Amino acid sequence: MTRTYTLKEVATILSATKTREEIERIARQVRHWTLSGVLEPAGEKHTGTGRSRRYPADEIRFAAWLMELARYGVTVSIMLCLRYAFADARS
């Protein structure tokens, strides 16, 4: 079985400074990308109260790449197009 990571674990992995503020900011960003369809959690996107989304390692790597693109002002709609392009390339 492939290991998956909670949203908090993902944000901590992606955080350079490991400060609470940065981890919270990254968690909001990852949550936004998930709800927008740019990131795909393992299982359900809308988990409900008390159930954490879980992300496979490939999604964490993709999120790191998205964070870099966001630094350069790449929009969510373009990120979503890139998501589809990568999905097509992997098929």
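That block above? That's the structure.
Conventions adopted
The residue numbering used here restarts from 1 in each chain and proceeds along that chain's sequence as written. In keeping with the model being predicted, local features are shown solely for residues with a pLDDT of at least 70 and side-chain atom pairs are shown and tallied solely at 80 or more, while totals for entire chains, interfaces and linings include all residues. The basis for every side-chain value is the complete set of heavy atoms in the structure, and neither hydrogens nor water enter the calculation. Per the convention used, a helix needs a DSSP run of H or I reaching at least four residues, while a strand needs a run of E reaching at least two, with both numbered from the N terminus. Residue burial is assigned from relative accessible area. The probe radius is 1.4 Å, only protein chains are included, and a residue is buried under 20% of its type maximum, exposed over 50%, and partly exposed in between. N or O atoms closer than or at 3.5 Å make up a polar contact, with two conditions inside protein: a donor-capable atom paired with an acceptor-capable one, and, for residues adjacent in sequence, both atoms drawn from side chains. Here a residue-residue contact requires only that any non-hydrogen atoms of the pair lie within 4.5 Å. The nonpolar core is taken to be a set of buried Ala, Val, Leu, Ile, Met, Phe, Trp, Tyr and Cys residues, with the residues joined through side-chain atoms within 4.5 Å. We count a salt bridge whenever a side-chain nitrogen from Lys or Arg sits within 4 Å of a carboxyl oxygen from Asp or Glu. For helices, the fitted line uses only the C-alpha atoms of the stretch in contact; every axis is such a line through C-alpha atoms, and the angle between N-to-C directions lies from 0 to 180 degrees. Each angle receives one of four descriptions, namely roughly parallel if under 35 degrees, roughly antiparallel if over 145, roughly perpendicular if within 65 to 115, and oblique otherwise.

A.B. asks: So what exactly am I meant to see when it comes to the side chain of Thr34 here?
C.D. replies: Looking at the secondary structure, you find Thr34 in helix H2 (residues 20-36). Judged by its relative accessible area of 0%, Thr34 is buried.

A.B. asks: Can you walk me through the side chain of Glu59 in this structure?
C.D. replies: Relative to the helices and strands, Glu59 is located in helix H3 (residues 57-71). Glu59 sits in the buried class, given a relative accessible area of 7%. In this structure the side chain of Glu59 is engaged in a polar contact, spanning 2.8 Å, whose partner is the side chain of Arg83. When neighbours within four sequence positions are excluded, Glu59 is seen to be in contact with Leu39, Glu40 and Arg83.

A.B. asks: Help me out: how do you make sense of the nonpolar core in this one?
C.D. replies: Nonpolar side chains tend to gather and get buried jointly when the protein is soluble and globular. Within the largest apolar cluster, 19 residues are counted, with the highest numbers of intra-cluster contacts made by Leu14, Val30, Trp33, Leu39 and Leu66. Those elements that provide at least two residues to this core are helix H1 (7-14), H2 and H3. With 6 residues, the top contributor of residues to this core is H3. In this structure, Val30 is in contact with Leu7, Val10, Leu14, Leu39 and Tyr55, ignoring residues within four places of it in sequence.

A.B. asks: What exactly am I supposed to notice about the pattern of salt bridges here?
C.D. replies: A side chain with one charge may pair with a side chain of the opposite charge, provided their charged atoms come close. In the structure shown here, the tally under the stated rule is 8 salt bridges. The shortest N-O distance in the salt bridge between Arg3 and Glu9 comes to 3.8 Å. On the accessibility criterion, Glu9 (30% relative accessible area) is partly exposed. For the salt bridge of Asp58 with Arg61, the shortest nitrogen-to-oxygen distance reads 2.5 Å. One end of the pair is Asp58 and the other is Arg61, both in helix H3 and 3 residues apart, which spans about a single turn. The exposure class of Arg61 is exposed, given its relative accessible area of 54%. Taken together, the shared-partner salt bridges in this structure form one network comprising Arg20, Glu21 and Glu24.

A.B. asks: What is the right way to look at the packing of H2 against H3 in this model?
C.D. replies: For any two helices packed against each other, the geometry is given by the interaxial angle and the distance between the axes. Contact geometry of H2 with H3 gives a least axis separation of 11 Å together with a crossing angle of 100°. By the criterion of interaxial angle, the relationship of H2 to H3 is roughly perpendicular. Contact residues: Ile26, Gln29 and Trp33 in H2; Ala63, Leu66, Met67 and Ala70 in H3.

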